[in-house]
Amino acid sequence: MDMCTAEATASLLQVEETFSACLARIDALILKPLLQAEPSDQKGKENFKLLLLLNDRFQALWNLTEENYRILKQKCSTSESFCIQDIYTVWKGDLFLSLYIQYFVTFANYVVVHGFEHATKSKSEAWKHHKTVLKQFLTDFTSETSMSLALYTVLHKPIRDHIEQYIQLLTKLNEVLKEGSEKDVVTSAIKEYVKLESFISQVLDEACFTKSLWKSLGYKFTDMLCVPERRLLEDSKNLPISASTNRSDRILLFDDVLVLIQGNSFQSFDLKLVWVDENCREKSAPGLYGLRIITPEETFFLSAKDPQMKAVWQWKLNQAVRQALNGKRDFPLWGKTGEGTEPPSCRFFTYVFRLEGKFKSASYEGEWHWGKPHGKGTLKWRDGRNHVGDFKEGLEHGFGICLVPRRSEDRYDCYKCHWYEGKMRGYGICEYGNDMVYKGYFKNNVRQGFGILENVSADHPFKYTGQWENDKKNGYGVWEDKDRGERYIGTWLDDHKHGQGIVVTQSGVCYQRTFHADKMVGSGILLLEDDSVYEGNFTEDLTFVGKGKLSFANGFILEGTFTNKSGQGLQTHGILNTSNEQLDDRITKAQLGLEEFPVEKRWKGIYDQFLEFIHSGCKEETEESFTGFHIQTSKELRKSQEYLFCQRGTEDVSWKIEDILEELVQHQGLESLQNYLEKALKSSLHPLGKLLKALTIAFQATYSGIGANRHLLTMAQEEVKYYAKKIWEFYQGLLHLALEQKGQLPAKCVDGDTSDQKACSVVLPLILPCFYPELFMLYMLYHEREDDLYCQGIVDLSLFPDIKLLEFLDVQKHLWPLKDLTLTTNQRRSLIKDKCFLSATECLQKLITTVDPREKLVILQKTYEEIESTVSRVVEKDYKLPMDDLLPLLMYVVSRAKIQHLGAEIHLIRDLMDPTNQGGLYDFLLTALESCYEHIQRMRLHQRENCQVTHSS
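Residues numbered from 1 in each chain as written. Predicted model: local features only at pLDDT ≥ 70, side-chain atom pairs only at ≥ 80, totals over all residues. Heavy atoms only, no water.

K.L.:
Help me out: how do you make sense of the overall build of the protein in this one?
P.N.:
For the protein, the count of helices and strands is 27 helices and 27 strands. Looking at the 953 residues of the protein, the share that counts as buried comes to 50%. In the protein, of all internal contacts separated by at least 6 residues, the share reaching a separation of at least 24 is 52%. Put simply, the protein shows about 46,800 Å² of open surface, and 50% of that area lies on carbon and sulfur atoms. (Helix = DSSP H or I, 4+ residues; strand = E, 2+ residues; numbered from the N terminus. Buried < 20%, exposed > 50% of the residue type's maximum accessible area, 1.4 Å probe, protein only. Contact = heavy atoms within 4.5 Å. Areas by Shrake-Rupley, 256 points an atom, 1.4 Å probe, with all protein chains shown as cover.)

K.L.:
What's the story with unusual backbone geometry in this structure? I'm lost.
P.N.:
A negative phi holds for most residues other than glycine; trans holds for most peptide bonds. Not every positive phi belongs to a glycine, and Glu393 is a case in point at roughly 50 degrees. One can find Glu393 in the loop between strand 12 (386-392) and strand 13 (395-406). We note that Asp810 has phi near 60 degrees; this positive angle belongs to a residue other than glycine. On the secondary structure map, Asp810 appears in the loop between helix 22 (802-808) and helix 23 (838-845). On the accessibility criterion, Asp810 (62% relative accessible area) is exposed.

K.L.:
Help me out: how do you make sense of the pattern of salt bridges in this one?
P.N.:
Close approach of charged atoms lets side chains of opposite charge pair. Enumeration over the complete set of coordinates arrives at 39 salt bridges. With a shortest N-O distance of 2.9 Å, Arg292 and Asp277 are connected by a salt bridge. With Arg292 in strand 7 (residues 289-294) and Asp277 in strand 6 (residues 275-277), the pair connects residues that are 15 residues apart, well separated along the chain. A relative accessible area of 28% places Arg292 in the partly exposed class. Note that Asp852 is salt-bridged to Arg854, the shortest N-O span being 3.3 Å. On the accessibility criterion, Arg854 (36% relative accessible area) is partly exposed. Salt bridges linked by common partners bring Glu206, Asp255 and Arg329 together as one network. (Salt bridge = Lys/Arg side-chain N within 4 Å of Asp/Glu carboxyl O.)

K.L.:
Please explain the environment of Ser98 as it appears in this structure.
P.N.:
Counting through the fold element by element, Ser98 comes out in helix 4 (residues 93-112). Taking the C-alpha atoms as reference, Ser98 lies 9.8 Å from Leu61; in sequence the two are 37 residues apart.

K.L.:
What exactly am I supposed to notice about the pairing of strand 20 (residues 486-493) here?
P.N.:
One face of the sheet, then the other: side chains in a regular strand alternate in exactly this way. Strand 20 sits mainly inside the fold: six of its eight residues count as buried. Pairing of strand 19 (residues 472-481) with strand 20, which is carried by seven bridges, proceeds in the antiparallel orientation. Across the sheet, the residue bridging to Asp481 is Glu486, located in strand 20. From the end of strand 19 to the start of strand 20, which pair antiparallel, there are four residues, and Gly485 there has a positive phi angle of about 65 degrees. Pairing analysis gives seven bridges linking strand 20 to strand 21 (residues 496-505), with the strands arranged antiparallel. Along strand 21, the bridge assignment pairs Tyr488 with Val503. Counted along the chain from strand 20 to the antiparallel partner strand 21, the turn is two residues long, and its residue Asp494 has a positive phi close to 50 degrees. (Pairing = 2+ DSSP bridges.)

K.L.:
What am I meant to see in the confidence of the model for the protein here?
P.N.:
Any segment with low pLDDT has predicted coordinates that should not be analysed in fine detail. When pLDDT is averaged along the protein, the result is 84, and 87% of the positions lie at 70 or above. Per-element averaging of pLDDT across the protein places helix 15 (residues 634-639) at the bottom with 45 and strand 11 (residues 372-380) at the top with 95. Segment residues 632-653 is flagged for pLDDT under 50; beyond a separation of four residues in sequence, or across chains, it makes 42 contacts in the model. In the predicted structure, residues 947-953 sits below a pLDDT of 50 and forms zero contacts with residues beyond four places in sequence or in another chain. (pLDDT = per-residue confidence, 0-100.)

K.L.:
Please clarify how the packing of helix 18 (residues 687-703) against helix 20 (residues 755-782) should be interpreted in this entry.
P.N.:
Relative orientation of the contacting elements helix 18 and helix 20 amounts to 5 degrees, with a least axis distance of 10 Å. Viewed along their axes, helix 18 and helix 20 adopt a mutual orientation that is roughly parallel. Taking contact as the criterion, the partners of Leu692, Leu695, Thr696, Phe699, Gln700 and Tyr703 in helix 18 are, on helix 20, Ile767, Cys770, Phe771, Glu774, Leu775 and Leu778. A class-by-class count of the residues in the contact of helix 18 with helix 20 yields nine nonpolar, two polar and one charged. (Axes fitted to C-alpha atoms, helices over the stretch in contact; angles between N-to-C directions. Parallel < 35°, antiparallel > 145°, perpendicular 65-115°, else oblique. Nonpolar A, V, L, I, M, F, W, Y, C, P; charged D, E, K, R; others polar.)

K.L.:
Explain a negative patch on the surface here, please?
P.N.:
A cluster of like negative charges, contributed by Glu620, Glu621, Glu658 and Asp659, occupies part of the molecular surface. Position of Glu621 relative to the elements: it lies in the loop between helix 13 (604-615) and helix 14 (623-627). (Patch = residues over 30% accessible without salt bridge, like charges linked within 9 Å, V, L, I, M, F, W, Y side chains within 5 Å. Lys, Arg positive; Asp, Glu negative; His and termini not counted. Charge placed at Lys NZ, Arg CZ, Asp CG, Glu CD.)

K.L.:
Could you clarify how one ought to interpret the nonpolar core in this entry?
P.N.:
Across soluble globular proteins, you tend to see nonpolar side chains buried next to one another. In this structure, Trp603, Ile606, Leu677, Leu688, Ile727, Ile767 and Leu775 are the most contacted members of the largest nonpolar core, which totals 82 residues. It is helix 19 (residues 713-741) that contributes the most residues to this core, 16 residues altogether. Grouped together as the second largest cluster of nonpolar side chains are 72 residues, Leu64, Val112, Ile167 and Phe221 included. (Core = buried A, V, L, I, M, F, W, Y, C linked by side-chain atoms within 4.5 Å.)

K.L.:
What should I look at first to understand the packing of helix 16 (residues 657-666) against helix 19 in this one?
P.N.:
The packing of two helices is summarised by the inter-axis angle and the distance between the axes. Close contact between helix 16 and helix 19 brings their axes to 9 Å; oriented N to C, the two are set at 95 degrees. Judged by the inter-axis angle, helix 16 sits roughly perpendicular to helix 19. Residues Leu661, Leu664 and Val665 of helix 16 form the contact with helix 19, whose participating residues are Tyr731, Leu734, Leu735, Leu737, Ala738, Leu739 and Gln741. Grouping the amino acids of the contact of helix 16 with helix 19 by side-chain chemistry returns nine nonpolar, one polar and no charged.

K.L.:
How should empty space enclosed by the protein be read in this particular structure?
P.N.:
If you roll a probe as big as a water molecule over the atoms, it shows you where there is empty space left. Within the structure shown, the criterion is met by two cavities of 30 Å³ or more. Lining the largest cavity, in full, are Cys760, Ser761, Leu764, Pro765, Asp852, Pro853, Arg854, Leu912, Met913 and Asp914. When residues of the lining of the largest cavity are traced back to their parent elements, those giving at least two are helix 20 and helix 24 (853-875). Broken down by element, the lining of the largest cavity gets its largest block of residues, four residues, from helix 20. A class-by-class count of the residues in the lining of the largest cavity yields six nonpolar, one polar and three charged. Of the pockets and cavities examined, the second largest cavity occupies roughly 30 Å³. (1 Å grid on protein atoms, 1.4 Å probe; cavity = no way out; pocket = protein on both sides within 12 Å on 5 of 7 lines; lining within 4 Å. Points joined across faces, edges and corners; volume = space filled by probe spheres on them.)

Following this line, the structure appears as structure tokens:
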């Protein structure tokens, strides 16, 4: 093998020596003289730059040849043994191929622009001086008289011949090599050099084809279309094909654009945004075979007379498009490399829209599919508009962020919303340039459905939470005017208060009136902070006018006509009734809004979106559109503006829709269901959790802060119960869908519970913590007077020592736990406090540690058990307390537990407890606690009355 390698090495040395000498002559006699003849005209200067680049490529090729020749020659002079690694054309094949490709591509560029023709016409003295010598040198290569053709030949033929010598040398070496890795390497190298030969031939053919085109076209087309790197791949004059509707005389396929020429004008289409559809059914005329050409703004047909011609054009178009997308030509240009591979239908590219339409003059950068924006992308208009998001079939579709400049000021409206077929639809957030923020639903680019509009500026801060229709406030909604310290709860029409409404003020005053276009009409009811109630007509500044009835806190009633003249104050003509000594609770605790705003008609916009999500099949891609973004705070959404999606929370559990539906089927047992619902309702990603969050926002907008008014308690209480019912319905809808997808039928309710009972027993305890602060505040305000009486009674009873209190409450002496009264030095038993029934007292005090009525009832039961346990210990036997014994003992424990707002606690439990507990032990114990509470109030009330009698005496 060493002999074979040595012969190959010697042959390579001889070939390289001859080639190097040839390159030296070309450099000295051709390139240097050409480079000295720098032209002065613009076209000549552009060509001269190409010549300089060609010279650089030539020098690189020559330097590589010289360098490797010197290394090999030195090896031959110092060593007698050779190996395959010494054949550098094999081991450095990639480098050789790269330099040869670069040279011939640049050479072809120079050919295309008629570089040699321009160079031979140079009038410089340097060129004239060398012209004679050149002619003599060039006769060795060609007998043609054309100087430009001779230059063309001499600058490519010796190099192509040299590549042929490489192939011959490697082929001889390969013939004598034995099978093995070295033979495989040489075989592979031969294939690459053969490809290089084919590549060079194709490059030169394309260059000559393109050159002849520029020669045949007019100057106008050539000046606009001729680019050194551009190659003509096909011409309809050579391979006949026509465009639809007679839109072109000639069709030119280049390696980067498709050009349609008609008369003195032309259209060009970037191949990166050209799609070729062979399956088009339309034909421009009977008997023709068509290709549909799809571009971003135009679609047209190419028609051939026979299927073979159509197939050739189709193949060439597809290969040209694919290579344009790859950013490089195949190697070789046409051959097996590109066969069978069509360009991808999905692409990423930048394009500026030109034709009339919503995208006119906009620049789109992003993903495309069959000629239309499809996937993720960015649209930018010249006027500053900007849309970043998802697209589908050429329209905004999915989540997107849109910036719209405000003309009058240097600010933007920023829409972060879901889009459907080019229009905003679904949940979104808009941060307007005037400091307003809208969070809610859109439809057809306008606010529609439930939404919150808030003005965060200092000038006129307000917040509207409610229904929208056609971009205006319509339906049920809550308006808070932070400047005036007022909250309006009621109906709207075309951005105006219209219909029934309740106004609550910061001072505690509230009233219910009928509104018409923001103006109050008719009579109403005005509830004042001192428990006075006025029924009749009154002005916006709450001045009584006309006929009315004023009920005072002491029970007096003034009925007549009221006037308010300037400087004279309020005047009335009427009758004052002083026969009532006490104001009726039905008036002082009047509940507003129950008939005017049925609970099922409040917040319909929230429920509708979630139910529509179920009816649509709960598709993952539409979930955020229906149920809101997967975020915890609006700050996260602001941070996400640069992205095409909203950042998600850091929750451990995956709440993908398919996982949710799968889990629902697995958690149908009561205990398992409760655990699942508890987890789901706490999640900001689960649809149930999102629904609860939306309802919490609506509830707080109505009843927190200014809205904390006792006259709204029943409204709030029935609203919370209705929330539980709707969440249960929504859960049932999700479960039915999950079972339906699995081909199963929903299980029938075996325990006889209705939907309302299930909602109350399963859902209500889970959601109550979200509404408890506002709801309990309303209960506290509603029962404020009773709780004040109760607290005063507790203060009085706390003064008694244990034994005196047991005696005062008529607890039978044999039930007194006297053993618990442990004495210390100088202590009398009759003075000891807070020792009897201590375990029961501590147990009852836990009533305020939970918000769940069910858990509060359990605490009450344990308190009862502790009382009974203590009594059993005292009498030294099991003792079941009769009602006559229980009430005094329970009253003792209540007085020692000193629970604030016990009336609010009792009524909250009573109103929200599971209906199944009515009539049972829990109901009995709650009734007993209620009796104690009322008895303590009456004790204090009697004391107060006795004091008043004594004082009057």
